[in-house]
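Given next are the chains, with one letter for each unit.
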Amino acid sequence: MNQNKLPADPLALILGILALVIGLAGCCCYGLTAIIPLIMAIIGLTTANKSLKQFGENPEAFSYQSRSNVNTAKTINIIAIVLNGLILLGTIVILIFYGTMLSSGMLEEFNNDIYDRSFEDLEIEVDTTSGSWDEDTYIIEEDTLKTNETEEKSFDEIMKD
């Protein structure tokens, strides 16, 4: 019995660990770097699968410790693929959401809506003849209020009553 290592014994394990570390560190960069560890984990998984296939064809040529290492590497690479895939998917969803809000103007409308709610019914005209911005230059239009269906009274008439 020959005690050879499988071809992916150190490589798949290193790629899996690096993919996990870079993927978790990539969360600090808003997930923009998740594509690199995702590719690394896919490469690690394919090399691990090829090595396990070689072990299945000729188990006497390789050591069982090497097979155990490659199985561990396969598990780590699967975890790294799932984790980095979720990070990448979340990043894409967030970018699409904010891109849609920015392109449709909803973000500006949302921000402006907060400030404009208290002044929705108030119409203000600016008297630009005097050239100053004093309080006297603003003219507020008076709305007419209906007391009955046919009778309309102005704001001054209602205040006199």
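The structure under discussion appears in the preceding block.
I will try to describe carefully the structure that is included in this document. The shown structure was predicted, so the numbers you read here are calculated from the model rather than taken from an experiment.

Definitions and limits used
- Residues numbered from 1 in each chain as written.
- Predicted model: local features only at pLDDT ≥ 70, side-chain atom pairs only at ≥ 80, totals over all residues.
- Heavy atoms only, no water.
- Phe/Tyr/Trp six-rings, centres within 6.5 Å; stacked < 30°, edge-to-face > 60°.
- Buried < 20%, exposed > 50% of the residue type's maximum accessible area, 1.4 Å probe, protein only.
- Patch = residues over 30% accessible without salt bridge, like charges linked within 9 Å, V, L, I, M, F, W, Y side chains within 5 Å.
- Areas by Shrake-Rupley, 256 points an atom, 1.4 Å probe, with all protein chains shown as cover.
- Salt bridge = Lys/Arg side-chain N within 4 Å of Asp/Glu carboxyl O.
- Helix = DSSP H or I, 4+ residues; strand = E, 2+ residues; numbered from the N terminus.
- Axes fitted to C-alpha atoms, helices over the stretch in contact; angles between N-to-C directions.
- Parallel < 35°, antiparallel > 145°, perpendicular 65-115°, else oblique.
- Left-handed = near helix turned anticlockwise from the far one by under 90°.
- Contact = heavy atoms within 4.5 Å.
- Nonpolar A, V, L, I, M, F, W, Y, C, P; charged D, E, K, R; others polar.

Overview of the packing of aromatic side chains
Enumeration according to the criterion identifies 2 aromatic pairs in this entry. Ring centres of Phe55 and Tyr64 lie 5.5 Å apart, and the angle between their planes is 75 degrees; this geometry places the pair in the edge-to-face category. What makes Phe55 buried here is its relative accessible area of 6%. For Tyr64, a relative accessible area of 52% gives the class exposed.

Examining a nonpolar patch on the surface
Nonpolar side chains collect at one region of the surface, where Ile78, Val82, Leu86, Leu89 and Val93 lie side by side and expose about 460 Å² of accessible area between them. Assignment of secondary structure puts Val82 in helix H3 (residues 64–104). On the basis of relative accessibility, which here comes to 49%, the residue Val82 falls in the partly exposed class.

Examining the packing of helix H1 (residues 9–26) against H3
Two elements in contact, H1 and H3, have axes separated by 8 Å at closest approach and are oriented at 25 degrees. Classified by the angle between their axes, H1 and H3 sit roughly parallel to one another. The handedness of the crossing between H1 and H3 comes out as left-handed. Mapping the contact onto sequence places Asp9, Ala12, Leu13, Leu15, Gly16, Ile17, Ala19, Leu20, Gly23 and Leu24 in H1 and Ser66, Asn69, Val70, Thr72, Ala73, Ile76, Asn77, Ile79, Ala80, Leu83, Asn84 and Ile87 in H3. Considered class by class, the residues forming the contact of H1 with H3 number 14 nonpolar, 7 polar and 1 charged.

Interpretation note: all reported values are geometric properties and have no functional meaning in isolation.
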